[in-house]
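The residues making up each chain are set out below.
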Amino acid sequence: MTTDAIGRCIADLNVRQRLAALAPVVVVVGLALIAASPFLTRPGLPHHTDAELHVYRAAELGHALRGGAWYPRWAPDFYFGYGYPIFNYYAPLTYYLANLFALLPGLDIVGGVKAVFVSGFLIAALGAYLLGRRLFDPAAGIVAAASFTFAPYVVFIDPHARGALAEYFAMCLIPGAFYALHCLMEDGGKAALLGGVCFPAAVVLSHNLLGLVTGGLLAGYWVWEVLFSQRGRARAGWGLLAFALAASLTAFFWLPFLLERDAIKLNVIGPGHFDFRNHFLTLGELLAPSHVMDMGATGPRYRFNLGLAQWLLALLPLVIVPVRLLREECWRMSWQELRAPVQTGYFLIAGLVLIFLMLPVSVWVWERVPGMPYLQFPWRLMGPANLMLAVLGAAGSALYSPYRRPLLTLVLAAILVLSLPVLYPPSWSPDFGGTRPQDIIAWEQRSQALGTTSTGDFLPVKAALGPLHPMPSLIESYDTGLVDKVNRATLPEGARVEILEHGPLHDRIFIVTPRNFLLRLYTFYFPGWRAYIDGQEAEIQIAGPEGFITVWVTRGKHEVLVRFEDTPPRTAGWLISAAGAGILCLALVVTPGAARDAAVPDQDHRTYLLAGGVLLLFWVLKVAIVDPRDNWLRYTSPPGQAWAAQHQQWANFGDQIELLGYDLPRRQVRAGEPVPVVLYWHALRPLEVNYQSFVHLARPLHILWGQEDHLNPGDLPTTRWPLDKYVWDEYHVRVLPGTPPGEYLLNVGLYSMAGGYRLPRYDESGQAVGDSALIASVEVRRPRRYPAPGELDMAHRMMALIPEAGVTLLGYTESAGQVALPGVWQVTLFWRAARDAPSAHTRTLVLVDRMGQKVLHISGVPADGALSLIHI
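Now for a quick tour of the structure.

Basis of the calculations
Residues numbered from 1 in each chain as written. Predicted model: local features only at pLDDT ≥ 70, side-chain atom pairs only at ≥ 80, totals over all residues. Heavy atoms only, no water. Helix = DSSP H or I, 4+ residues; strand = E, 2+ residues; numbered from the N terminus. Buried < 20%, exposed > 50% of the residue type's maximum accessible area, 1.4 Å probe, protein only. Contact = heavy atoms within 4.5 Å. Areas by Shrake-Rupley, 256 points an atom, 1.4 Å probe, with all protein chains shown as cover. Patch = residues over 30% accessible without salt bridge, like charges linked within 9 Å, V, L, I, M, F, W, Y side chains within 5 Å. Salt bridge = Lys/Arg side-chain N within 4 Å of Asp/Glu carboxyl O. Core = buried A, V, L, I, M, F, W, Y, C linked by side-chain atoms within 4.5 Å. Polar contact = N/O pair within 3.5 Å; in protein donor to acceptor, adjacent residues only side chain to side chain. Phe/Tyr/Trp six-rings, centres within 6.5 Å; stacked < 30°, edge-to-face > 60°. Axes fitted to C-alpha atoms, helices over the stretch in contact; angles between N-to-C directions. Left-handed = near helix turned anticlockwise from the far one by under 90°. Nonpolar A, V, L, I, M, F, W, Y, C, P; charged D, E, K, R; others polar. Pairing = 2+ DSSP bridges. Expected span 1.5 Å × (residues − 1). Lys, Arg positive; Asp, Glu negative; His and termini not counted.

1. Observations regarding the overall build of the protein
Right, on to step 1. Tallying secondary structure elements over the protein gives 24 helices and 26 strands in all.
Right, on to step 2. A burial count over the protein gives 53% of its 872 residues as buried.
Right, on to step 3. Residue pairs in contact within the protein that sit at least 24 positions apart in sequence constitute 72% of those at least 6 positions apart.
Right, on to step 4. Carbon and sulfur atoms provide 61% of the accessible area of the protein, an area that totals close to 38300 Å².

2. Comments concerning a nonpolar patch on the surface
Right, on to step 1. A cluster of nonpolar residues, Leu312, Leu315, Leu318 and Val319, forms a patch on the protein surface that exposes about 340 Å² of accessible area.
Right, on to step 2. Within the secondary structure, Leu318 sits in helix 16 (residues 316-327).
Right, on to step 3. Residue Leu318 is classed as partly exposed on the basis of its relative accessible area, which comes to 39%.

3. Some details on unusual backbone geometry
Right, on to step 1. Along the chain, Arg699 connects to Pro700 via a cis peptide bond; the corresponding omega equals -15°.
Right, on to step 2. Take Pro700: it is sitting in the loop between strand 15 (692-698) and strand 16 (704-710).
Right, on to step 3. Even without glycine at this site, Gln376 takes up a positive phi of about 65°.
Right, on to step 4. Within the secondary structure, Gln376 is located in the loop between helix 18 (363-368) and helix 19 (382-399).
Right, on to step 5. Given the relative accessible area of 8%, Gln376 is considered buried.

4. Observations concerning the nonpolar core
Right, on to step 1. Phe150, Phe178, Phe347, Met382 and Leu519 are the most contacted members of the largest nonpolar core, which has 193 residues in total.
Right, on to step 2. With residues near it in sequence (within four places) discarded, Phe150 still touches Leu31, Ile34, Ala35, Val155, Gln310, Ile415, Leu416, Ser419 and Leu423.
Right, on to step 3. Of all hydrophobic cores here, the second largest spans 34 residues; its members include Ala671, Ala683, Tyr744 and Leu746.

5. Topic: the pattern of salt bridges
Right, on to step 1. Tallying each qualifying case throughout the model produces 21 salt bridges.
Right, on to step 2. The closest approach of N and O atoms between Glu501 and Arg508, which form a salt bridge, is 3.4 Å.
Right, on to step 3. The partly exposed category is assigned to Arg508, whose relative accessible area is 25%.
Right, on to step 4. The closest approach of N and O atoms between Arg508 and Glu559, which form a salt bridge, is 2.9 Å. Taken as a pair, Arg508 in strand 3 (residues 506-513) and Glu559 in strand 9 (residues 556-564) lie far apart in primary sequence, 51 residues in all.
Right, on to step 5. Linked by salt bridges that have partners in common, Asp158, Arg162, Glu167 and Arg380 make up one network.

6. Quick word on the environment of Glu559
Right, on to step 1. By relative accessible area, which is 33% here, Glu559 ends up partly exposed.
Right, on to step 2. Spatially, the C-alpha atom of Glu559 lies 4.6 Å from that of Phe510, the residues being 49 residues apart in sequence.
Right, on to step 3. A polar contact of 2.9 Å, which involves the side chain of Glu559, links it to the side chain of Arg508.

7. What about the packing of aromatic side chains?
Right, on to step 1. Inspection of the entire model under this criterion finds 57 aromatic pairs.
Right, on to step 2. On the basis of an interplanar angle of 80° and a centroid distance of 5.9 Å, the ring pair of Phe156 and Tyr302 is categorised as edge-to-face. Residue Phe156 is found in helix 7 (residues 152-162), and its partner Tyr302 is found in the loop between strand 1 (293-294) and helix 15 (308-314); the two are separated by 146 residues along the sequence. Accessibility assignment for this pair places Phe156 and Tyr302 in one class, buried.

8. Re the packing of helix 5 (residues 109-135) against helix 6 (residues 138-149)
Right, on to step 1. In the contact formed by helix 5 and helix 6, the axes pass within 7 Å of each other and the chain directions differ by 145°. Here the hand of the crossing between helix 5 and helix 6 comes out right-handed. Two secondary-structure elements touch here, helix 5 through Phe121, Ala124, Ala125, Ala128, Tyr129, Gly132 and Arg133 and helix 6 through Pro138, Ala140, Gly141, Ile142, Ala144, Ala145, Phe148 and Thr149.
Right, on to step 2. The residue makeup of the contact of helix 5 with helix 6, split by class, is eleven nonpolar, three polar and one charged.

9. What to know about the sheet that holds strand 20 (residues 761-762)
Right, on to step 1. Read across the open sheet, the five strands follow the order 17-14-12-11-20; overall the sheet is antiparallel. The open sheet has two free edges, formed respectively by strand 17 (727-734) and strand 20, since each of these has just one partner strand.

10. Section: helix 12 (residues 236-249)
Turn by turn, an α-helix covers 3.6 residues, leaving residues three or four places apart pointing in a common direction.
Right, on to step 1. The end-to-end C-alpha distance of helix 12 is 20 Å, a good match for the 20 Å that 14 residues give at a rise of 1.5 Å each.
Right, on to step 2. Those residues of helix 12 that are buried lie in contact with helix 8 (165-186), helix 9 (190-206), helix 10 (208-228), helix 11 (230-234), helix 13 (251-259) and helix 23 (568-590).

11. A look at the pairing of strand 17
Right, on to step 1. Counted residue by residue, strand 17 has six buried out of eight residues, so it is predominantly covered.
Right, on to step 2. The sheet contact formed by strand 14 (residues 674-683) and strand 17 spans eight bridges and is antiparallel. For Leu679, the partnering residue across the bridge sits in strand 17 and is Asp729.

12. Observations regarding the side chain of Arg73
Right, on to step 1. Here Arg73 lies in the loop between helix 3 (51-66) and helix 4 (93-101).
Right, on to step 2. We note that Arg73 is buried and unpaired, the nearest opposite charge coming from Asp566 at a distance of 4.0 Å.
Right, on to step 3. A polar side-chain atom of Arg73 sits 3.1 Å from a polar atom in the side chain of Asn88.
Right, on to step 4. A polar side-chain atom of Arg73 sits 2.9 Å from the main-chain carbonyl oxygen of Phe252.

Here it is, written out as structure tokens:
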């Protein structure tokens with residue numbers, strides 16, 4: 001054989017090896033594209049999910065970037081144009097990426113946000129594949145990619161049902177972060193170091209909370225590698241270096257967040273919707289298959305589950321590994337032979353811990369670990385948990401290597417088929433609408449999601465009592481092309497004001513005034529705002545209660561500049577990040593290349609050809625047969641009906657909204673625990689008022705033992721309710737600690753907070769029969785543990801024993817210290833019974849004035865006679 005022939009053979013061999021390595025990647029990309037197909041095949045984005053909020057945030061960032069602010073910590077047009085420091089506290093990476101994609105021909109900012117969603121699917125699938133390939137083999141990598149990408153939370157709940165762009169993209173980065181850390185700990189190299197730093201940093205810059213979760217999981221994996229891997233112990237310092245560099249690179253974001261935390265009214269924990277106690281899942285729900293969804297709802301009612309195929313696959317190594325270790329006498333096996341089972345152990349333990357933290361039994365952990373309540377929703381951990389299950393499923397498939405081809409085919413088919421119910425997100429309007437600053441402000445007025453947050457999470461503390469309505473003059477100036485933030489109603493007579501320049505982070509104003517006056521701007525004060533008059537710094541005074549910026553201007557002609565600048569924490573963050581970037585560049589220069597590539601390409605082309613065939617067949621059958629049939633794997637309730645409701649019950653509220661039914665998964669609950677309730681509402685006509693809803697647990701109706709109100713029922717303002725769909729409205733009504741056992745009533749209704757009235761309930765003849773509707777009864781049982789006095793929300797404690805009655809008065813809470821007459825004064829007394837069902841005694845409350853004269857006298861049986869044995 002000639003030298004040329006040998007060279008051609010070697011070249012052909014290299015080509016075949018490259019194709020062999022590329023074949024599974026093509027399958028993985030195909031998986032990602034199928035998962036992302038709703039985004040790829042539909043124009044626009046939905047209005048009724050958090051995707052709407054993220055589009056406006058990305059658009060606002062784009063406006064600031066085009067205005068010359070390359071890293072704005074301030075959103076000047078949010079909160080009716082008063083400004084909002086959201087970019088100082090909320091991770092901004094996804095919004096930068098959306099603006100980067102929006103530069104492509106044919107894409108606007110809505111298309112840019114959609115491109116970030118699609119990129120997330122690709123990053124998730126490829127990251128899971130690389131992790132499974134590195135730990136086991138390429139076929140196992142395909143299993144990991146399919147299991148993770150098509151998990152219900154990853155493929156549907158986060159990107160479609162919730163539209164949580166930032167959290168979703170951060171979750172998609174987690175597999176890549178594990179892959180990079182594993183490569184760094186095992187082999188090292190420039191690429192591994194760069195990935196080990198950049199992936200965790202990107203997670204932090206995508207979503208604050210998942211950044212913390214991912215950091216904890218990666219730290220645990222680092223410890224595991226150090227303990228159970230010889231290479232890991234030898235390269236432990238490289239892992240620490242990666243963590244330190246990732247923290248330093250992101251210091252420009254997290255350091256100001258921490259040091260300026262007290263500058264905002266961050267009220268995102270506590271009783272109500274954001275209480276983590278209301279969002280635990282049952283093990284049955286986690287393990288249940290995805291159910292068929294009703295497209296007749298404004299948002300589909302889905303199940304928080306891990307995916308049937310996902311957790312069944314994860315069980316494989318739990319059965320196979322112990323059997324194989326015993327059969328092959330693990331004590332005689334080499335470390336290299338034991339390495340894969342040992343590495344899998346971390347993902348098993350981490351997966352079990354994450355699942356445990358989503359169950360109610362973990363409440364004591366959430367209550368005791370500092371910072372955990374800020375996660376708000378335990379089911380946020382479902383994404384990381386699905387990654388752990390995906391790795392376990394990959395391990396199980398790798399252990400069946402003699403049957404790789406049929407197993408891979410079967411596993412892929414099972415994952416894809418079982419995911420079908422969650423591959424049909426509801427349709428949305430192809431036209432998203434405008435994203436100009438005035439469009440965002442108009443949306444804020446309609447939705448009341450001021451600053452694109454539901455509770456004003458990042459409202460400056462000085463604006464805690466800020467205005468709830470926009471200023472017409474400020475809104476009108478947006479249409480003139482030059483935003484005018486001057487409160488002209490407060491200008492002195494004869495003064496002349498000209499807006500010289502308005503930018504995202506500054507306002508330059510020319511003023512001629514005959515006398516000294518206080519210049520008032522429609523801009524919230526926040527640390528970093530500074531004022532200059534004729535080049536000299538002037539003191540900013542904060543106008544209460546709005547929290548607006550004001551500056552004293554003396555008589556004469558002046559040029560006033562109000563500018564948003566860095567504070568010492570922000571400057572320190574930038575310096576630390578710059579130092580981290582420099583150290584990273586130096587480390588990349590001195591770091592040698594990877595010692596070896598432990599993952600050998602699989603030469604079995606037919607395995608991946610078969611996997612690709614399964615993928616193609618699934619796509620063809622889905623598009624040609626399943627998609628055209630609206631009654632397969634989905635259904636649509638007609639207007640005025642809610643087929644998904646567990647119980648049908650009709651109630652008409654003011655001829656404006658009707659109740660169609662409710663879900664009550666359980667009718668027994670312990671004191672101190674939540675009662676899950678879902679209400680199904682339907683608008684009877686276009687609504688002009690944003691109504692609020694309530695669910696009361698009462699006995700009798702005027703004594704409440706649990707309550708939950710929703711500012712926007714179903715997380716959608718009632719003025720935006722369509723007439724052809726119903727709204728499902730989920731509650732977790734927490735029964736008050738110390739509630740006596742017995743039967744209680746669930747009472748629901750609607751009211752206007754602004755108007756101060758409830759909607760009347762009409763019967764079938766159109767007659768008003770009340771202002772609420774009783775839907776069911778609930779049995780309250782004894783708590784597993786009795787509440788401590790501090791849990792009873794008593795404003796005043798006392799211990800007044802009444803021996804003859806067998807009860808003790810523990811304390812009381814009053815609604816107000818002063819009451820204007822005529823008025824209502826509410827007082828709650830806290831009793832403890834020494835035995836069950838003590839003899840009914842009359843309690844008497846007497847109110848006397850300063851002269852000792854009796855003003856009020858009320859008598860009755862405490863708690864309607866429902867005293868119980870409560871040991872405190």
